[in-house]
Amino acid sequence: MADRYIIPRRLDDPELIGFWTIDEFAGMIVPFTWGILSQHIFIGIVVAFGAWFALRKAKAGRASSWLTHAAYWYLPAGFLGLRATPPSHCRLLAG
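So, how was this worked out
Within any chain, residue numbers begin from 1 and follow the written order of that chain's sequence. This being a predicted model, a pLDDT of at least 70 is required before a residue's local features are given, and a value of 80 or more before pairs of side-chain atoms are given or counted; all residues contribute to the totals for chains, interfaces and linings. Excluded from the side-chain calculations are hydrogens and water; all other atoms, namely the structure's heavy atoms, are used. Put simply, DSSP H or I for four residues or longer makes a helix, DSSP E for two residues or longer makes a strand, and each gets a number counted from the N terminus. Note that the radius of gyration is over C-alpha atoms, with the globule rule given as 2.2 Å times the number of residues to the power 0.38. Only protein chains enter the accessibility calculation, which uses a 1.4 Å probe; a residue whose area is less than 20% of its type maximum is buried, one above 50% is exposed, and one in between is partly exposed. Should any heavy atoms of two residues lie within 4.5 Å, those residues are counted as being in contact. UniProt positions are given in the numbering used here, feature names are shortened, and annotations may be inferred rather than shown by experiment.

Undergrad: Quick one: what's the story with the overall build of the protein, residue by residue and with numbers?
TA: In terms of helices and strands, the protein carries three helices and two strands. Walking the protein from its N terminus toward its C terminus, one meets helices and strands in the order β-β-α-α-α. Radius of gyration (C-alpha) of the protein: 18 Å, far over the 12 Å computed for a compact globule of 95 residues. Considered along the principal axes of its C-alpha atoms, the protein spans approximately 60 × 45 × 25 Å. Here the protein, with 95 residues, has 14% of them falling under the buried criterion. Partitioning the contacts of the protein with sequence separation of at least 6, the portion at a separation of at least 24 is 29%.

See the structure below:
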């Protein structure tokens, strides 16, 4: 009798699209789509593979939201659209 339900082995596994996490897939699909639209498919595939490899190395050994935290810290305030957080340059907050 075949199993009707899939039970994950670990509860904290990230969501996957194919073999890749959502952020890796997004990092790959943008250069690949550019390659298709500009009729440079091979260049798009190479850049997509490079983006996947760079994201994989950047996330190695860190939390999955590490890139979001770095973006909050280093990019302008309106980039992520977070409204309930103080600006990242404020070190001391009145409590």
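Undergrad: Tell me about the UniProt feature "transmembrane region" (unreviewed entry) in the protein, residues and numbers included.
TA: Look at the UniProt record and you will see "transmembrane region" (unreviewed entry) annotated at residues 32–55. Measuring from the first to the last C-alpha atom of residues 32–55 gives 15 Å, for a span that is 88% helix and 0% strand.

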